Each structure stands twice: as structure tokens, then as C-alpha cells.
Amino acid sequence: MSQFMVEFTLPDEMTEEFLAKIPRQRQKINHLMETGKITSYALSSDRTKLWCVIKADTEFHVLEILSQFPLIDFMEPTISELMFNNTATAVKLPMFSLN
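Parameters at a glance
Residues numbered from 1 in each chain as written. Predicted model: local features only at pLDDT ≥ 70, side-chain atom pairs only at ≥ 80, totals over all residues. Heavy atoms only, no water. Phe/Tyr/Trp six-rings, centres within 6.5 Å; stacked < 30°, edge-to-face > 60°. Helix = DSSP H or I, 4+ residues; strand = E, 2+ residues; numbered from the N terminus. Pairing = 2+ DSSP bridges. Axes fitted to C-alpha atoms, helices over the stretch in contact; angles between N-to-C directions. Buried < 20%, exposed > 50% of the residue type's maximum accessible area, 1.4 Å probe, protein only. Arc of directions from axis to C-beta. Contact = heavy atoms within 4.5 Å. Salt bridge = Lys/Arg side-chain N within 4 Å of Asp/Glu carboxyl O.

This part is about the packing of aromatic side chains. By the definition in use, this model includes two aromatic pairs. Ring geometry for Phe8 against Phe69: centres 6.0 Å apart, planes inclined by 40°, an arrangement best described as tilted. With Phe8 in strand β1 (residues 2-9) and Phe69 in the loop between α2 (59-66) and β4 (76-82), this residue pair connects regions lying 61 residues apart in the sequence. Considering the side-chain rings of Phe18 and Phe74, the 5.3 Å spacing of their centres and the 90° angle between planes classify their relative orientation as edge-to-face. With Phe18 in helix α1 (residues 16-34) and Phe74 in the loop between α2 and β4, this residue pair connects regions lying 56 residues apart in the sequence.

As C-alpha cells, then:
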């Protein structure tokens, strides 16, 4: 399975329709993260760009996942297949011996 970085350009103006769909977008993202299809989701501080890393077999499969986003009609995605994606993991505590 490959990983794909998706960069979205968001609209300059947030309409009422856009804002009304944000809770459903968050629910969908949370579900996709829980199932491991999305591993990262980030929004720029100026709210003009959004990024996510998606695990999928093909770019077509990425498009199928993106089509489920409630806000997809307001976003312009750019998809790039990643060679690798290093992420920090939680700090592991040393193992204690039971002896």
C-alpha cells in the first residue's frame, strides 16, 4: 500500500454552506483516521491550505476517498505519491524486568 500527500487549496471566502459542512467533514476525517486510511490531517494558520496523508493502493483509490469528503466541492486537491513518510512516534518507556 502506498501513501499519498494531498494538498488542498481552500476557498478565499468561507460561505455559510461551507461552514455548515465542517462538522460532517471532521466526522468523516475522524472515521478515516480511526480506520487508518488517513494518517495525518493539517490546516494552515491562514486557513488557505489543508494537507492530509492517505494510505491507498492507487491514486484512483485516493480520489474515491476524497469524493467522500463533505467539503470536496469547495477544495482543489493536488495529489502526490510519497516515496516515504517519516513520522515521530510516542516516546517508549524502558521495559522492566519481572525477575
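In regular strands, side chains alternate between the two faces of the sheet. By the bridge criterion, eight bridges tie β1 to strand β3 (residues 49-56) in an arrangement that is antiparallel. Of the residues in β3, the one forming a bridge with Ser2 is Ala56.

Taken in spatial order, the four strands of this open sheet run β2-β3-β1-β4, and their pairing is antiparallel. The open sheet has two edge strands, β2 (38-43) and β4, and neither has a second partner. Sheet twist, expressed as the average angle between the axes of neighbouring strands with direction ignored, equals 15°. Where β1 meets β4, seven bridges bridge the pair, whose relative direction is antiparallel.

In this section: α2. For α2, every residue scored as buried is listed here: Val62, Ile65 and Leu66. Buried residues of α2 fall within an arc of 100° about the axis and therefore sit on the same side. Of the surrounding elements, those touching the buried residues of α2 are β1, α1, β3 and β4.

Here the focus is the side chain of Lys21. With respect to the helices and strands, the residue Lys21 is situated in helix α1. Judged by its relative accessible area of 17%, Lys21 is buried. Once you skip the residues sitting within four places of it in the chain, Lys21 turns out to touch Pro70, Leu71 and Phe74.

Here we come to the pairing of β3. By the bridge criterion, five bridges tie β2 to β3 in an arrangement that is antiparallel. What sits directly across from Leu43, in β3, is Leu50. Here β2 folds back onto β3 in antiparallel fashion, the turn holding five residues, of which Arg47 has a positive phi close to 60°.

In the structure shown here, the tally under the stated rule is one salt bridge. Between Lys21 and Glu17 there is a salt bridge, and its shortest N-O distance comes to 3.8 Å. Here Lys21 and its partner Glu17 are both found in helix α1, four residues apart, which amounts to about one turn of the helix.

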